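# Structure at a glance
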Amino acid sequence: MVSKITKSRSGLYDQEHGMIIAPSVLSADFSRLGEEIAAVEKAGADWIHVDVMDGQFVPNLTIGAPVVRCIRPITKLPLDCHLMVVNPERFIDDFINAGADIITIHQEACKNPEQVLREIQSKNVKAGVSIRPQTSIEAIKSVLSFVDVVLIMSVNPGFGGQEFMADVLEKVAALKDAKTRLNYKFIIEIDGGISTKTIVAAKKSGCEAFVAGSAIFKKENYAEAIRSLRETALK
Ligand code: DX5
Ligand code: ZN
């Protein structure tokens, strides 16, 4: 089943499914990355989440724009690129040219996040802002009126397979409240430790897009894994 991405104010919200499931390829088998992406697309994924780490902002190294370029032609799904990189403005053009649909930068990683986010949008790519579990939403207040995605980290960024930090849901609820009151367009995305055990509380707090690495790629049957995340959350 290929997800239908219906247009909303953000242009990326899949109303057909009522929520967005974004498998994180960090937990995929990189020796078969193309097959893994095709498999989660067939299994009902809505976005493909690509974790980019520089070994500086986070204590781990992963992949960059050349890999995004290679996977671009093999999937119709939006490529949701999460840049855990110091001074991400250095790489924005590379990711855009490689075919990224959403570029999310960390508020903590750049001097002028507003400028970087506006630059991404000026090139017709969706712009997301992310914060670590310890960062308050005060820090991103000035960009909420125009960003496309707010990515709340529910683990310390750097690795898959960590335990969900439920405390961050207070920030999600406050964001959801601001979004409703002020008619903002951003999608609230959550990343880290999402499973059938944690997705219910995340959905209740107001999350709309759910990144899941281990809860999908470490399972035998991806369609079953995605279906049970969705069904549990929508129950
Ligand atoms: C962590 C990454 C996450 C990670 C999620 O820094 O941003 O996207 O892959 O993996 P799980 O779902 O296993 O916590
Ligand atoms: Zn991520």
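Quantities reported herein were computed from a predicted structural model and do not represent experimental measurements.

Our next topic: the overall build of the protein chain. For the protein chain, the count of helices and strands is eight helices and eight strands. Relative to the globule expectation of 18 Å for 235 residues, the C-alpha radius of gyration of the protein chain, 16 Å, shows essentially globular dimensions. Across the 235 residues of the protein chain, 57% fall into the buried class. Counted over contacts in the protein chain with a minimum sequence separation of 6, partners at least 24 positions apart contribute 63%. With the model as given, the accessible surface of the protein chain reaches about 10,300 Å², and the carbon-plus-sulfur share is 51%. Here the protein chain carries 28 positive and 29 negative side-chain charges, and the mean point of each set is 4 Å from the other.

Here we come to the confidence of the model for the protein chain. In the predicted model, the protein chain carries a mean pLDDT of 94, and the fraction of residues at 70 or more is 94%. Confidence over residues 1-7 falls short of pLDDT 50; this stretch has 25 contacts with residues more than four positions distant or in other chains.

Lining the immediate environment of ligand 1, one finds 20 residues, of which Asp51, Gly158, Asp191, Gly213 and Ser214 sit closest. One nitrogen or oxygen atom from the side chain of His82 is found 3.3 Å from an oxygen atom belonging to ligand 1. Within the side chain of Ser214, one N or O atom sits 2.3 Å away from an oxygen atom of ligand 1. If ligand 1 stood free it would expose 380 Å²; the protein chains cover 99% of that surface. Top contributing element to the shell around ligand 1 by residue count: strand 2 (residues 48-53), with three residues. For the shell around ligand 1, the per-class residue count stands at eight nonpolar, ten polar and two charged.

Right, let's talk about the packing of aromatic side chains for a bit. Throughout the structure, instances matching the rule amount to two aromatic pairs. Each ring, one from Tyr184 and one from Phe186, has its centre 5.9 Å from the other, and the planes form 40 degrees; the classification is tilted. Centroid distance Phe217 to Tyr222: 5.3 Å. Interplanar angle 75 degrees. Geometry classified as edge-to-face. Side by side, Phe217 and Tyr222 carry an identical accessibility label, which is buried. Of note, Arg118 hangs over the ring of Phe146, and the distance from its end group to the ring centre comes to 3.7 Å.

Quick look at helix 1 (residues 33-42) now. Every buried residue of helix 1 is listed here: Leu33, Glu36, Ile37, Val40 and Glu41. Summarising the axial view, the buried residues of helix 1 lie within an arc of 135 degrees, below the 170-degree limit, and thus occupy one face. Turned more than 90 degrees off the buried face of helix 1, the exposed positions are Glu35 and Lys42. Of the surrounding secondary structure, the elements contacted by the buried residues of helix 1 are strand 1 (20-23), strand 2, helix 2 (65-71), helix 7 (214-217) and helix 8 (222-234). Directly after helix 1, the chain includes Gly44, whose backbone phi takes a positive value near 105 degrees.

With that settled, the discussion passes to the pairing of strand 7 (residues 187-191). Every regular strand shows the same layout, with side chains that alternate between the two sheet faces. Of all five residues making up strand 7, five are buried, and the element is well covered by its neighbours. The alternating pattern of strand 7 places Ile187, Glu189 and Asp191 on one face and Ile188 and Ile190 on the opposite face, and all of these are buried. Pairing of strand 6 (residues 149-153) with strand 7, which is carried by five bridges, proceeds in the parallel orientation. Looking at the pairing, Leu151 lines up with Glu189 of strand 7. On the question of chirality, the crossover connecting strand 6 to the parallel strand 7 by way of helix 5 (residues 169-182) is right-handed.

A few words on the coordination of the zinc ion (ligand 2). Around the zinc ion (ligand 2), the protein contributes the donor atoms His49 (NE2), Asp51 (OD), His82 (ND1) and Asp191 (OD), which lie 2.0 to 2.3 Å from the metal centre. The coordination sphere of the zinc ion (ligand 2) comprises six donor atoms, whose angles at the metal cover 68 to 169 degrees; the geometry is octahedral. Here the donor residues for the zinc ion (ligand 2) map to a single chain with the spacing H-x1-D-x30-H-x108-D. One end of the pair, Asp51, is in strand 2; the other, Asp191, is in strand 7, and 140 residues separate them in sequence.

What counts, and where the lines are drawn
- Residues numbered from 1 in each chain as written.
- Chains lettered and ligands numbered in written order.
- Predicted model: local features only at pLDDT ≥ 70, side-chain atom pairs only at ≥ 80, totals over all residues.
- Heavy atoms only, no water.
- Helix = DSSP H or I, 4+ residues; strand = E, 2+ residues; numbered from the N terminus.
- Rg over C-alpha atoms; globule rule 2.2 N^0.38 Å.
- Buried < 20%, exposed > 50% of the residue type's maximum accessible area, 1.4 Å probe, protein only.
- Contact = heavy atoms within 4.5 Å.
- Areas by Shrake-Rupley, 256 points an atom, 1.4 Å probe, with all protein chains shown as cover.
- Lys, Arg positive; Asp, Glu negative; His and termini not counted.
- Charge placed at Lys NZ, Arg CZ, Asp CG, Glu CD.
- pLDDT = per-residue confidence, 0-100.
- Near = heavy atom within 4 Å.
- Polar contact = N/O pair within 3.5 Å; in protein donor to acceptor, adjacent residues only side chain to side chain.
- Nonpolar A, V, L, I, M, F, W, Y, C, P; charged D, E, K, R; others polar.
- Phe/Tyr/Trp six-rings, centres within 6.5 Å; stacked < 30°, edge-to-face > 60°.
- Lys NZ or Arg CZ within 6 Å of the ring centre and 35° of its normal.
- Arc of directions from axis to C-beta.
- Pairing = 2+ DSSP bridges.
- Right-handed = clockwise from strand over helix to strand, strands pointing away.
- Donors = N, O, S within 2.8 Å, 3.2 Å for Na, K, Ca; no water.
- Tetrahedral: all angles 85-135°; square planar, octahedral: opposite > 155°, others 65-115°.

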